[in-house]
Amino acid sequence: MTARSYTFRDAGLHSSPLRWLNRGGELLRAVGWSGPSLAPSRLEDAARRATGLSDFGDRGVREGLEILCESLETEADLNLFGRLAMKGMIVESLSNRLRLLDWASRHPEVRQEKIDRPWVILGLPRTGTTLLSLLLGLDPLARPLLQWEASSPVPPPELATAAEDPRIAAATRRFEGLMNLNPPIRAMHPMGATLPTECVTLFFLDLRSLSVETQALVPSYGRWLEETDMRGAYAIHELALQVLQSRIPTGSWSLKTPNHLWALELLRVFHPTARLIWTHRDPASVGPSVASLNTSMQRPFARHQDPAAIGEEWNRKLRVGVSRGMAYDEKQEDRRWCHHLLYADLMEDPIAAVHALYAHFGDEVHPLHERRMQAWMRDRPQETFGRHVYDAADFGFSEAGLRSTYADYRERFGI
């Protein structure tokens, strides 16, 4: 059977009740009510009520909250469903922050956990990072950050009961609900409660995270994020890993997010033993694919959309990430600081690519890891849920223009 093809135009709210909710929201907007409040103080109060806790720790989180809420109010053009979703997302993150800090306060021994030699994938989106993350997570001596535990890290799952943790079923229902609301996303990006997820989710505990920009067009917040001090975000990221590791030990973690490209020096301050992998793909494919995915993800939440504006903002953002990564790379005397992996090589032979990156860091692939990767590649075809197709012109791009914009990057890494 031929897999169905999806574009960003197929995305949107596939729910009649929610479409009617948004129509009602438009009527209420006409009489002066825009929807649930996104005032920072109200969101903090909601998190306090939800948890019974009040200590947010480093108050640097408030700056991110204020800038994000302002950007959502003035730039994102949210519909009623979008306002409800953004409010819920922020309150959940603030609540998780409160619970995490409270847990660490009551269990100070967790701060002694050592995050040793984590795998950290830091390539741009749509460069094979999801596949590589899945394969690295099959290492019996490594542990991926799973979507369900990243969304609810406290209390940390315990080894004896993790397989039956009720949060897995709750997360599965939530993901299934989201996929039913916007089915094309399933073909564009793998999602599931027990699949590896980006550790950018943990950055959002500090309200400093690239993840929110996939949900809404918030350019002011995005520019602030590129310049802000990420130390607080890395501190809470590390604490979350320590708390999770304290109940389910691991030899190493398998992590990934392009957000690290914007702050490589800080990443290596917090994780000096990290094994870094930078995946590379032709920007003429990356740019339209990223724009299409994010347009699709934002569509259910926005009253109106301008795909070209989304494409322009994400192209600018990707260029910043690549430029900072290259600048950092130029300063490294030890050329083995990072393993550079071409998308074409990963796609041609994923298992051989994993062998090569292990060898780069003086490691060997465990025989059981090899068997698991073979089984995964056999049982999980890439187009299980359909094909993601996109056209550069839909987002104001041209292949020639993108290749010119990234000419230095393409030359540096032989793309």
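Located above this text is the structure these notes cover.
Residues numbered from 1 in each chain as written. Predicted model: local features only at pLDDT ≥ 70, side-chain atom pairs only at ≥ 80, totals over all residues. Heavy atoms only, no water.

(A) Main features of the overall build of the chain. Helix and strand content of the chain: 20 helices and seven strands. In terms of overall dimensions, the chain is globule-like: its C-alpha atoms have a radius of gyration of 21 Å, near the 22 Å expected for 415 residues. The buried share of the chain, reckoned over its 415 residues, is 55%. In the chain, once contacts between residues fewer than 6 apart in sequence are set aside, the share between residues at least 24 apart is 82%. Of the roughly 17900 Å² of accessible surface on the chain, a fraction of 52% belongs to carbon and sulfur atoms. For the chain, the centre of its 49 positive side-chain charges and the centre of its 52 negative side-chain charges are spaced 4 Å apart. (Helix = DSSP H or I, 4+ residues; strand = E, 2+ residues; numbered from the N terminus. Rg over C-alpha atoms; globule rule 2.2 N^0.38 Å. Buried < 20%, exposed > 50% of the residue type's maximum accessible area, 1.4 Å probe, protein only. Contact = heavy atoms within 4.5 Å. Areas by Shrake-Rupley, 256 points an atom, 1.4 Å probe, with all protein chains shown as cover. Lys, Arg positive; Asp, Glu negative; His and termini not counted. Charge placed at Lys NZ, Arg CZ, Asp CG, Glu CD.)

(B) Structural context of the packing of aromatic side chains. For the structure shown, the criterion picks out eleven aromatic pairs. Here the aromatic rings of Trp119 and Tyr358 are separated by 4.6 Å at their centres, their planes lie at 40 degrees, and the arrangement is tilted. Pair noted here: Trp119 is in strand E2 (residues 119-121) and Tyr358 is in helix H17 (residues 350-360), with a separation of 239 residues, a long-range link. Each of the two residues, Trp119 as well as Tyr358, counts as buried. Here Phe203 and Tyr234 contribute two aromatic rings whose centre-to-centre distance is 4.8 Å and whose plane-to-plane angle is 70 degrees, an arrangement assigned as edge-to-face. Note that Phe203 is positioned in helix H9 (residues 200-203) and Tyr234 in helix H12 (residues 231-247), a separation of 31 residues in sequence. Here Tyr234 falls in the buried class, since its relative accessible area comes to 0%. (Phe/Tyr/Trp six-rings, centres within 6.5 Å; stacked < 30°, edge-to-face > 60°.)

(C) Broad picture of the packing of helix H2 (residues 40-51) against helix H3 (residues 60-74). Direction vectors running N to C along H2 and H3 enclose 120 degrees, while the axes themselves pass 9 Å from each other. Here H2 is positioned oblique relative to H3, judged by the angle of their axes. Listed contacts from H3 to Pro40, Ser41, Leu43 and Glu44 of H2 are Arg62, Leu65, Glu66 and Cys69. Split into classes, the residues belonging to the contact of H2 with H3 amount to four nonpolar, one polar and three charged. (Axes fitted to C-alpha atoms, helices over the stretch in contact; angles between N-to-C directions. Parallel < 35°, antiparallel > 145°, perpendicular 65-115°, else oblique. Nonpolar A, V, L, I, M, F, W, Y, C, P; charged D, E, K, R; others polar.)

(D) Here's a closer look at the packing of helix H14 (residues 283-298) against helix H15 (residues 307-330). Between H14 and H15, the shortest axis-to-axis distance is 9 Å and the interhelical angle comes to 125 degrees. By the angle between their directions, the pair H14 and H15 is classed as oblique. Here the hand of the crossing between H14 and H15 comes out right-handed. In contact with Val286, Val290, Ala291, Asn294, Thr295 and Gln298 of H14, H15 contributes Pro307, Ile310, Gly311, Trp314 and Leu318. Of the residues contributing to the contact of H14 with H15, the split by class is seven nonpolar, four polar and no charged. (Left-handed = near helix turned anticlockwise from the far one by under 90°.)

(E) Local environment of the side chain of Ser209. Among the secondary structure elements, Ser209 is positioned in the loop between H9 and helix H10 (212-215). Separated by 3.0 Å, the side chain of Ser209 and the backbone oxygen of Val200 make a polar contact. In this structure, Ser209 is in contact with Val200, Phe203, Phe204, Tyr221, Leu225 and Asn259, ignoring residues within four places of it in sequence. (Polar contact = N/O pair within 3.5 Å; in protein donor to acceptor, adjacent residues only side chain to side chain.)

(F) The arrangement of the sheet that holds E2 in detail. Sheet architecture is open: five strands sit in the order E3-E4-E2-E5-E6, paired in parallel fashion. For this open sheet the edge positions go to strand E3 (142-144) and strand E6 (338-342), each flanked by a neighbour on one side alone. Each neighbouring strand pair of the sheet contributes to a mean axis angle of 20 degrees, computed without reference to strand direction. Bridge count for E3 against strand E4 (residues 252-256) is three bridges, and the pairing is parallel. Within the sheet, the bridge partner assigned to Pro144 lies in E4 and is Ser254. Against the sheet, H17 contacts E2, strand E5 (275-280) and E6, and its axis sits at roughly 160 degrees relative to E6. (Pairing = 2+ DSSP bridges.)

(G) Just the environment of Leu159, in detail. Following the sequence through the fold, Leu159 ends up in the loop between helix H6 (147-151) and helix H7 (166-181). Take Leu159: its relative accessible area is 60%, and that puts it in the exposed class. On a C-alpha basis, the gap between Leu159 and Ala274 in space is 25 Å, while along the polypeptide they are 115 residues apart. Sequence-distant contacts of Leu159, defined by excluding residues within four places in its chain, comprise Arg247 and Ile248.

By themselves, these figures tell us nothing about what the structure is for.
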